[in-house]
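Each chain, written out:
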Amino acid sequence: MAYLAEFTRWAKHFGIPPPAVVVRKRHGGSYRKSRRTISLPANAGRDALVHEFAHHLAAEIHGTRGHGPHFRIALVETATVAYGRATRYPWASEYRTIAAWARRHGLGLDAAAAVRA
Ligand SMILES: [Zn+2]
């Protein structure tokens, strides 16, 4: 399972149990808090892994779901671990409210550099 090694490494970094992973055919990812399970298609990009893991992190640390404040901080933290710098995460491809939030906080400045890397 390709994603599991990455999720296990990130979970260890944050001191939380790794999520279970389900590979699915449907497009897009999802997280199910009650089952601590991330579902992703086999060809998911790194940004999708980061987004779904942030749901897991927010759920484990704060018990929260959705895309609120805890999720956004978890997303910054996960992006930092996954990309080395949170600004490398492709914030512009996030949900519009998150992308706008990231812009207000000065994130997404070198997403173009990450694409070139
Ligand atoms: Zn989400």
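Calculation criteria
- Residues numbered from 1 in each chain as written.
- Predicted model: local features only at pLDDT ≥ 70, side-chain atom pairs only at ≥ 80, totals over all residues.
- Heavy atoms only, no water.
- Helix = DSSP H or I, 4+ residues; strand = E, 2+ residues; numbered from the N terminus.
- Expected span 1.5 Å × (residues − 1).
- Buried < 20%, exposed > 50% of the residue type's maximum accessible area, 1.4 Å probe, protein only.
- Arc of directions from axis to C-beta.
- Contact = heavy atoms within 4.5 Å.
- Pairing = 2+ DSSP bridges.
- Axes fitted to C-alpha atoms, helices over the stretch in contact; angles between N-to-C directions.
- Donors = N, O, S within 2.8 Å, 3.2 Å for Na, K, Ca; no water.
- Salt bridge = Lys/Arg side-chain N within 4 Å of Asp/Glu carboxyl O.
- Parallel < 35°, antiparallel > 145°, perpendicular 65-115°, else oblique.
- Left-handed = near helix turned anticlockwise from the far one by under 90°.
- Nonpolar A, V, L, I, M, F, W, Y, C, P; charged D, E, K, R; others polar.

## Notes on helix α3 (residues 69–83)
Thought 1: For α3, with 15 residues, the first-to-last C-alpha span of 21 Å sits near the 21 Å given by 1.5 Å per residue.
Thought 2: Residues of α3 that are buried include every one of F71, R72, A74, L75, T78, A79, A82 and Y83, and no others. Take α3 and look down its axis: the buried residues cluster within an arc of 160 degrees, on one side only.
Thought 3: Its buried side turned inward, α3 meets α1 (2–14), α2 (46–62) and α4 (96–104).
Thought 4: Of the residues flanking the end of α3, it is G84, one or two places downstream, whose phi is positive at about 90 degrees.

## Focus: the sheet that holds strand β2 (residues 30–32)
Thought 1: The strand order across the open sheet built from 3 strands is β1-β3-β2, with neighbouring strands paired in mixed fashion. In the strand order of this sheet, the two ends are held by β1 (20–24) and β2, each with one partner. Neighbour-to-neighbour, the strand axes of the sheet open up by a mean angle of 25 degrees, direction not taken into account.
Thought 2: Pairing between β2 and strand β3 (residues 37–41): 3 bridges, direction antiparallel.

## What about the coordination of the zinc ion?
Thought 1: H51 (NE2), H55 (NE2) and H67 (NE2) make up the full set of protein donors to the zinc ion, lying at 2.0 to 2.1 Å.
Thought 2: In primary sequence terms, the donor set of the zinc ion follows H-x3-H-x11-H. On the criterion of helical spacing, the pair formed by H51 and H55 is a turn pair, its members being 4 residues apart in helix α2.
Thought 3: When its relative accessible area of 9% is taken as the criterion, H51 is described as buried.

## So, α2
Thought 1: Between the first and last C-alpha of α2 there are 24 Å, a value that for 17 residues agrees with the 24 Å anticipated at 1.5 Å per step.
Thought 2: Here α2 has its buried residues at L49, V50, H51, E52, F53, A54, H55, H56, L57, A58 and A59.
Thought 3: The secondary structure elements touched by the buried residues of α2 are α1, β2, β3 and α3.
Thought 4: Looking one or two places after α2, you find G63, whose phi comes out positive at around 70 degrees.

## Details of unusual backbone geometry
Thought 1: For R36, which is not a glycine, the phi torsion comes out positive at approximately 50 degrees.
Thought 2: Structurally, R36 is set in the loop between β2 and β3.

## Observations concerning the pattern of salt bridges
Thought 1: As enumerated under the stated definition, the model contains 3 salt bridges in all.
Thought 2: Ionic pairing is found between R9 and E6, a salt bridge with its closest N-O pair at 2.9 Å. Here E6 and R9 lie together in helix α1, a separation of 3 residues that amounts to about one turn.
Thought 3: Note on R9: relative accessible area 43%, which makes it partly exposed.

## Considerations on the packing of α3 against α4
Thought 1: Running from N to C, α3 and α4 cross one another at 65 degrees; their axes reach a closest spacing of 12 Å. What the angle tells us is that α3 and α4 run roughly perpendicular. Along this stretch, α3 crosses α4, giving a crossing that reads as right-handed. Within the contact between the two elements, α3 uses F71, R72, L75 and V76 and α4 uses T97, I98 and W101.
Thought 2: Partitioned by chemical class, the residues of the contact of α3 with α4 number 5 nonpolar, 1 polar and 1 charged.

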